[in-house]
Amino acid sequence: MEYLESKRTDVLKVIKPICEAFNIKDYDYEVKDYGQRETLRIGNTRIGCSSNSIGAVIEELVGYIFIMTWRQRSMGAFENQTKSVIKRYWIK
């Protein structure tokens, strides 16, 4: 559990400037169930990140930012499929 608390601190330190650049203020990296579940929380959206590297957590954050900032534009013929792939680890 000590490792995961250290990882949480590292993740938050790395994603802080990205979140600040996109004016995201409500975020956290949650570690629950004795380390069995790691979740990136951005506002009300939770993204499963168990056993992810810090780089993979950043990729999930970038996917979230892409989905949330690209709302008014078309992604083309495969929009639904693209969004589904990006959001595959989002917890409903």
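If you're wondering where the values come from, they're calculated on a predicted model, not measured in any experiment.

Enquirer: Give me the lowdown on the side chain of glutamate 30, citing residues and values where you can.
Expert: Position of glutamate 30 among the secondary structure elements: in strand S1 (residues 27-32). A relative accessible area of 11% means that glutamate 30 is categorised as buried. Among the polar contacts listed, one links the side chain of glutamate 30 to the side chain of arginine 41, at a separation of 3.2 Å.

Enquirer: I'd love a proper account of the pattern of salt bridges, names of residues and values included.
Expert: Within this structure, the stated rule accounts for 8 salt bridges. In this structure, arginine 41 engages aspartate 26 in a salt bridge whose closest nitrogen and oxygen atoms are separated by 2.8 Å. In this pair, arginine 41 sits in strand S2 (residues 37-42) while aspartate 26 sits in the loop between helix H1 (2-21) and S1, placing the two residues 15 residues apart along the sequence. Judged by relative accessible area, which is 13%, arginine 41 ranks as buried. Where glutamate 30 meets arginine 41, a salt bridge forms, and the shortest distance between an N and an O atom there is 3.2 Å. In this pair, glutamate 30 is assigned in strand S1 and arginine 41 in strand S2, connecting sequence segments 11 residues apart. Through salt bridges with shared partners, a single network forms among Asp26, Glu30, Lys32, Arg41 and Arg46.

Enquirer: How would you explain the pairing of S2 if you had to name every residue and give the values?
Expert: Counted residue by residue, S2 has 5 buried out of 6 residues, so it is predominantly covered. Note that S1 and S2 share 6 bridges and pair antiparallel. Across the sheet, the residue bridging to glutamate 30 is threonine 39, located in S2. Relative to strand S3 (residues 45-48), S2 runs antiparallel, the two being bridged by 4 bridges. Across the sheet, residue leucine 40 finds its bridge partner in S3, namely isoleucine 47. Linking two consecutive strands that pair antiparallel, namely S2 and S3, is a turn of 2 residues; a positive phi of about 60 degrees is found at glycine 43 within it.

Definitions and cut-offs
Residues numbered from 1 in each chain as written. Predicted model: local features only at pLDDT ≥ 70, side-chain atom pairs only at ≥ 80, totals over all residues. Heavy atoms only, no water. Helix = DSSP H or I, 4+ residues; strand = E, 2+ residues; numbered from the N terminus. Buried < 20%, exposed > 50% of the residue type's maximum accessible area, 1.4 Å probe, protein only. Polar contact = N/O pair within 3.5 Å; in protein donor to acceptor, adjacent residues only side chain to side chain. Salt bridge = Lys/Arg side-chain N within 4 Å of Asp/Glu carboxyl O. Pairing = 2+ DSSP bridges.

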